[in-house]
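Spelled out, the chains give:
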Amino acid sequence: MSKEIKTIGVLTSGGDAPGMNAAIRAVVRKAISNGVKVKGIKKGYLGLLNEEIVDMERKSVSDIIQTGGTILGTARCLEFKEPEVQARGAEICRKHGIDGLVVIGGDGSYRGAQALARNGINTVGIPGTIDLDIACTEYTIGFDTAINTAMEAIDKVRDTSSSHERCSIIEVMGRDAGYIALWTGVANGAEDILLPEKYDYNEQAIINNIIENRKRGKTHHIIINAEGIGHSTSMAKRIEAATGIETRATILGYLQRGGHPTCKDRFYASIMGAYAADILCQGKSNRVVAYTKGEFVDFDIEEALCMKKNINEYQYEIGKKLSQ
């Protein structure tokens, strides 16, 4: 028989993502509507270990759905990988009456949630990462905002690149995942899209493409380079030396993590937050909320972490064909 949940904790862990506040708001208000108390844990697992824990009411999450970042703050906590530290985290939860915990973050955050579940704390994870690199879900909080932010920035770079007849290498985020690069590469009509999952480091092929496009009358050349490949500045220097065409690198960086979340990120994050609160109140544990095939569902964390995610081959090929 599942234990009754009386108090839910919520924390955000790892990199921040637009829409996290919408998820926090939904967790708090849905849990309270279920008759359950809520405590906010500041600065992720680090804040848990430091007992930075506050009571949350409906008013605590007023006027945050439209804001970027996370009102709870976030931090990396490498020491939480240690079993004795994980056990201490569970004891701190019990000390503060937290018997259920919602963790909003990426796969590293899920491992912490998994460890707490093993130590007797019911846990549910929500996918909060702009990278879209969690295999069990087709959507992660912040991805939609990040690609729209990047798309608008790339449009602006294209304008000046065309005016000066330049080649522009624009580096987007995503760690070792190429989803932001793929989506923006197609959406911005890039001539080359470099993904960690696909790139063969044949720089000569890129140089040849630039030269051929210039012969066909193209006045600019946009290369979207994923963060997992990187080295955009040195790549620009090599391309300029090889082609004689002025080449500049632009690294969008943390710009992509900030800003007001899109409607999609607000809506999906809200549903996921409410869903997480509900399944915790039902006594479920060691689960991950996901969106797949048009439905919000949940998976066992261990099952979710074992899943592999690959770039869609058809989408990648279309990106190449449309750039020609």
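Residues numbered from 1 in each chain as written. Predicted model: local features only at pLDDT ≥ 70, side-chain atom pairs only at ≥ 80, totals over all residues. Heavy atoms only, no water.

Looking now at the sheet that holds strand β9 (residues 247–251). Sheet architecture is open: four strands sit in the order β7-β8-β6-β9, paired in parallel fashion. For this open sheet the edge positions go to β7 (192–194) and β9, each flanked by a neighbour on one side alone. The mean angle between the axes of side-by-side strands here comes to 15°, regardless of whether they run parallel or antiparallel. Inspection of the sheet shows strand β6 (residues 167–172) paired to β9 by five bridges, in the parallel sense. (Pairing = 2+ DSSP bridges. Helix = DSSP H or I, 4+ residues; strand = E, 2+ residues; numbered from the N terminus. Axes fitted to C-alpha atoms, helices over the stretch in contact; angles between N-to-C directions.)

The subject of this paragraph is the pairing of strand β10 (residues 287–292). Put simply, side chains in a regular strand alternate between the two faces of the sheet. The buried fraction of β10 is high, at five of six residues. As defined by bridge partners, strand β5 (residues 122–127) adjoins β10 across two bridges and the pair is classed as parallel. Each residue of the ladder has a partner; that of V124, found in β10, is R287. As consecutive antiparallel partners, β10 and strand β11 (residues 295–300) are separated by two residues, and within that stretch K293 has a phi angle of approximately 55°, a positive value. (Buried < 20%, exposed > 50% of the residue type's maximum accessible area, 1.4 Å probe, protein only.)

With that settled, the discussion passes to the packing of aromatic side chains. Taken as a whole and assessed by the stated rule, the structure comprises eight aromatic pairs. Note on Y199 and Y201: the rings are 4.6 Å apart at their centroids and 45° apart in plane angle, and the pair reads as tilted. Residue classification places Y199 among the buried positions, given a relative accessible area of 13%. By relative accessible area, Y201 is classed as exposed at 56%. An aromatic cluster of three or more residues is present, and its members are Y139, F267, Y268, Y291 and F296. The ring centre of Y268 lies 5.3 Å from the NZ or CZ of K264, which sits over that ring. The ring of Y179 is capped by K309, whose NZ or CZ atom sits 5.1 Å from the centre of that ring. (Phe/Tyr/Trp six-rings, centres within 6.5 Å; stacked < 30°, edge-to-face > 60°. Lys NZ or Arg CZ within 6 Å of the ring centre and 35° of its normal.)

Taking 1.5 Å per residue as the helical rise, helix α9 (residues 263–281) with its 19 residues ought to reach 27 Å, and the 27 Å between its terminal C-alpha atoms agrees with that figure. Of the residues making up α9, those classed as buried are D265, Y268, A269, S270, M272, G273, A274, A276, A277, I279 and L280. (Expected span 1.5 Å × (residues − 1).)

Summed over all chains, the structure comprises 20 salt bridges. K39 is paired through a salt bridge with D55; the nearest N and O atoms lie 2.7 Å apart. A residue pair is termed long-range when its members are at least 10 positions apart, and K39 in strand β2 (residues 37–41) and D55 in strand β3 (residues 53–56) qualify at 16 residues. With relative accessibility at 55%, the residue D55 sits in the exposed group. Among the salt bridges present, the one from K218 reaches E191, with a minimum N-O distance of 2.8 Å. Here E191 lies in the loop between α6 (179–187) and β7 and K218 lies in the loop between α7 (203–215) and β8 (221–226), a separation of 27 residues in the sequence. For K218, a relative accessible area of 28% translates into the label partly exposed. Given a relative accessible area of 4%, E191 falls into the buried group. Through salt bridges that share partners, D107, D131, D133 and R175 make up one connected network. (Salt bridge = Lys/Arg side-chain N within 4 Å of Asp/Glu carboxyl O.)

The strands making up a sheet are joined through hydrogen bonds of the backbone, oriented either antiparallel or parallel. Spatially, seven strands are ordered β3-β2-β1-β4-β5-β10-β11 in an open sheet, and the strand pairing comes out mixed. Only two strands of the sheet have a single neighbouring strand rather than two, namely β3 and β11. Geometrically, the sheet is characterised by an average inter-axis angle of 30° between neighbouring strands, direction not taken into account. Pairing between strand β1 (residues 7–12) and β2: four bridges, direction parallel. Bridge pairing in β2 links V10 to G40. Contacts between helix α1 (residues 20–33) and the sheet are confined to β1, β2, β3, β4 (100–105) and β5, with β1 contributing the most and set at about 180° to the helix. (Contact = heavy atoms within 4.5 Å.)

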